[in-house]
Amino acid sequence: MMGTGEALPRGAGTVVVGAGPAGAVMAARLAEAGEDVLLLEAGPDYGAPDSGRWPERLLDPTLMPVEEHSWGYISACQHGTPDMALQRARVLGGCSAHNGCAAVWGHRADYDAWAVDNPGWSAAEVEPLFHEVDRRLRVHIPAREQLTPFHQAVLDAASEAGYPFIPDLSSLDPAFGFAIGPVNIDSEMRIRWNAAFAYLDPIRNLPNLRIVGETLVDRVTLDGARATGVAVVHDERASWVAADRVILAGGAYGSPLILLRSGIGAAEDLSNYGITVNHDLPGVGCNLQDHPAIGVHYDARAETIDALEAFIAAGGLPREEGTIGLARSSRCEGPYDLHLYPIASRPFGGKGWRCHISAAVMAPRSRGSIRLNPAAPADPEAAPVIDTNYLSDPDGYDLDALADAFALCRDLGAQPSLAALFEQEAKPGPAVASRGEISSWILRNASHDYHPAGTCRMGPASDPAAVVGASGRVHGLEGLLVADAAVMPFVTLANTNLPTFVGAEKIARDLAG
């Protein structure tokens, strides 16, 4: 294992940039196929789960410590929470090291729609990959008695509200109802099983795989239309690593920023930033999507807090997100378009619980963008301009759907099994009552759901907005690919955790033959 202070290799057959879910999969699969692979990660490499170096918060599956090892991105969107943090993990394992461990697949309609312009991505073709990713990530569905008393009450309240029980969300055919959420948690170790544990640790001894942490990739270097390597900052020094192939797996924010700094993007924009145009590709940084979210917060009764504390004292694992509901807004055109996810959590290492019922629009129509910082466009550490552009679609679907979701959250919280756990609605409170008041409150308080996607979207070369083809190869360039959530044409009807793993599995298998 290599890290800060150790020599940076001068070159590799394939350089993979970013060691989150996509990067870990790409590096592992190509190394297993015998290729010479160098995996570069901007954050630290803490080694195996039992190394003693992992921060406890990143191992604890009951938390979402999204501020831990974060890139510090901030939203510039005019709607939603002002200056909203858009947390992305800067550590080996990426966001799989700090997320909520929700391991759901989405719906076959997602992948069949992707496959219209991207052969090989149909639901039938990717379904076997979901099974493989589930196996690698040790995904399982907890038993009802393993849920907190709060989440057990959620299932009862869902039944009272008319939601059927979904026995298994590890499927491409989920329907309306409530389920116990599948999770990527090691049951024996009781830790979050992240991408590094699942894909990299088993093959760290391979001589053709090198992993280097604390290495910030600035840009891809080109010789004409061919990628030749990456310019990096390692041990506080600028350096360069040669490569026959470069695979970007920096996520929906990181990958387009690297391309833009490399002079790959809309020519006019790059020229305005003072960056040399190496390849005019207008779609880079466009088509940004996430699942806009909102929540209803409650004050828990003392008896509820006592029951939650007793659950922990008895050895229970108090996951924040134990249940997931699939619901339909009044404007739904697919199998479902909303996720409901009730949450009960407490501060790390302390007491005092918060309970809320949140929801997100899973088929958003608004599209945003990510751009370089105009004050320092060439600086890889400069904060980018991320405009998620939430709730801006011209026909108002996103806002209508989120307002419907808000009403469903309130309705669920009012069911007898949940209402008995709460003192009162704490936020926004009963004063926000009419549809107009709810919509106005949502416009001021909507948040993201930690699922950015689409900023280097797949599509045919004839599509001027497409950045990569179905194989992940950047249009018009040789030896350069993108293999993360950025390639999604549109965000899935699910958390992007497992779909990102599966997308990388698909691209890696295409490359490895």
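Here is what the cut-offs are and how they apply
Residues numbered from 1 in each chain as written. Predicted model: local features only at pLDDT ≥ 70, side-chain atom pairs only at ≥ 80, totals over all residues. Heavy atoms only, no water. Helix = DSSP H or I, 4+ residues; strand = E, 2+ residues; numbered from the N terminus. Rg over C-alpha atoms; globule rule 2.2 N^0.38 Å. Buried < 20%, exposed > 50% of the residue type's maximum accessible area, 1.4 Å probe, protein only. Contact = heavy atoms within 4.5 Å. Areas by Shrake-Rupley, 256 points an atom, 1.4 Å probe, with all protein chains shown as cover. Pairing = 2+ DSSP bridges. Expected span 1.5 Å × (residues − 1). Salt bridge = Lys/Arg side-chain N within 4 Å of Asp/Glu carboxyl O. Core = buried A, V, L, I, M, F, W, Y, C linked by side-chain atoms within 4.5 Å. Axes fitted to C-alpha atoms, helices over the stretch in contact; angles between N-to-C directions. Polar contact = N/O pair within 3.5 Å; in protein donor to acceptor, adjacent residues only side chain to side chain. Right-handed = clockwise from strand over helix to strand, strands pointing away.

## Points about the overall build of the protein chain
Within the protein chain one finds 13 helices and 21 strands. Its C-alpha atoms give the protein chain a radius of gyration of 22 Å, near enough to 24 Å, the size a compact globule of 513 residues would have. Dimensions of the protein chain, computed from C-alpha atoms along their principal axes, come out at roughly 65 × 50 × 45 Å. Here the protein chain holds 513 residues, and 63% of them are scored as buried. Taking the contacts inside the protein chain whose residues are at least 6 apart along the sequence as the reference set, 72% of them involve residues at least 24 apart. Roughly 18,300 Å² of accessible area belongs to the protein chain as shown, and the carbon and sulfur atoms make up 51% of that amount.

## With respect to the sheet that holds strand S6 (residues 183-186)
Read from one edge of the open sheet, three strands run S3-S6-S7, paired in antiparallel fashion. The open sheet has two edge strands, strand S3 (139-140) and strand S7 (191-192), and neither has a second partner. Pairing between S3 and S6: two bridges, direction antiparallel. Note on S6: the bridge partner recorded for Val139 is Asn184.

## Points about helix H4 (residues 123-136)
Relative to the 20 Å expected for 14 residues at 1.5 Å per residue, H4 spans 20 Å between its end C-alpha atoms, a close match to the ideal helical length. For H4, the full list of buried residues reads Ala123, Val126, Leu129, Phe130, Glu132, Val133, Asp134 and Arg136. Elements that come into contact with the buried residues of H4 comprise helix H1 (21-32), helix H3 (108-117), S3, helix H6 (195-200) and helix H13 (497-512). One or two positions beyond H4, positive phi appears at Arg138, with a value near 60°.

## Considering the pattern of salt bridges
Per the stated rule, a full pass over the model turns up 31 salt bridges. As a salt-bridge pair, Glu381 and Arg90 come within 3.0 Å of each other at their nearest N and O atoms. Of this pair, Glu381 sits in the loop between strand S18 (369-371) and strand S19 (385-387) while Arg90 sits in the loop between helix H2 (56-59) and H3; the two residues are 291 residues apart in sequence, bridging distant segments of the chain. Between Asp463 and Arg457 there is a salt bridge whose closest N-O contact spans 2.6 Å. Taken together, the shared-partner salt bridges in this structure form one network comprising Arg29, Glu32, Glu132, Arg135, Arg136, Glu505 and Arg509.

## Focus: unusual backbone geometry
For the bond from Lys427 to Pro428, the omega torsion is 5°, close enough to zero to count as cis. Mapped onto the secondary structure, Pro428 falls in the loop between strand S20 (422-427) and helix H12 (435-445). For Cys101, which is not a glycine, the phi torsion comes out positive at approximately 65°. Positionally, Cys101 belongs in the loop between H2 and H3. One non-glycine residue, Arg138, adopts positive backbone phi at about 60°. Structurally, the position occupied by Arg138 is in the loop between H4 and S3.

## Some details on the nonpolar core
Within the largest apolar cluster, 146 residues are counted, with the highest numbers of intra-cluster contacts made by Met26, Val230, Leu418, Ile442 and Leu480. With nine residues, helix H10 (residues 397-414) is the largest single contributor of residues to this core. If sequence neighbours within four positions are ignored, Leu418 has contacts with Phe150, Ala153, Val154, Ala157, Ile357, Leu412 and Gly413. If you look at the next biggest cluster of nonpolar residues, it comprises 14 residues, including Ala293, Tyr341, Ala360 and Ala494.

## With respect to the sheet that holds strand S4 (residues 165-166)
As summarised here, the arrangement of the seven strands in space is S4-S5-S15-S16-S17-S14-S20, forming an open sheet in which the pairing is mixed. Taken across any chain shown, the strands that pair with only one partner, and hence form the sheet edges, are S4 and S20. As defined by bridge partners, strand S16 (residues 338-345) adjoins strand S17 (residues 354-361) across eight bridges and the pair is classed as antiparallel. Its bridge partner being in S17, His339 is matched across the sheet by Ala360. Packed on one face of the sheet, helix H5 (residues 149-160) meets S4, strand S5 (177-180), strand S15 (323-327), S16, S17 and S20 and runs near 145° to S16.

## Observations concerning the side chain of Thr215
Mapped onto the fold, Thr215 is located in strand S9 (residues 215-223). A residue is classified by how much of its surface remains accessible, and Thr215, at 1% relative accessible area, is buried. Of the polar contacts made by the side chain of Thr215, one reaches the backbone oxygen of Gly213; its length is 3.0 Å. Those residues in contact with Thr215 that sit more than four places away from it in its chain are Leu8, Leu40, Glu41, Ala42, Val232, Val233 and His234.

## Concerning the pairing of strand S2 (residues 37-40)
Going residue by residue along S2, you find Val37 and Leu39 tucked away on one face and Leu38 and Leu40 tucked away on the opposite face as well. Both strand S1 (residues 11-17) and S2 contribute to a ladder of four bridges, which runs parallel. Bridge assignment links Val16 to a residue of S2, and that residue is Leu39. In this view, the connection linking S1 to its parallel neighbour S2 by way of H1 has right-handed handedness.

## Quick word on helix H7 (residues 251-261)
In terms of burial, H7 is a largely internal element, eleven of the eleven residues being buried. Gly263 sits one or two positions beyond H7 and adopts a positive phi of about 80°.

## A look at the pairing of S15
Among the five residues that make up S15, five are buried, leaving the element largely enclosed by the rest of the structure. In S15, alternate side chains face the same way, and those of Thr323, Gly325 and Ala327 on one face and Ile324 and Leu326 on the other are all buried. Bridge count for S15 against S16 is three bridges, and the pairing is antiparallel. Across the sheet, the residue bridging to Gly325 is Leu340, located in S16.

## Description of the environment of Gly229
Here Gly229 is to be found in strand S10 (residues 226-234). Residues Gly229 and Thr323, 94 residues apart in the sequence, show an inter-C-alpha distance of 44 Å. Beyond its immediate stretch of four places on either side in the chain, Gly229 contacts Arg219, Val220, Thr221, Trp240, Val241, Ala242, Ala243 and Val246.

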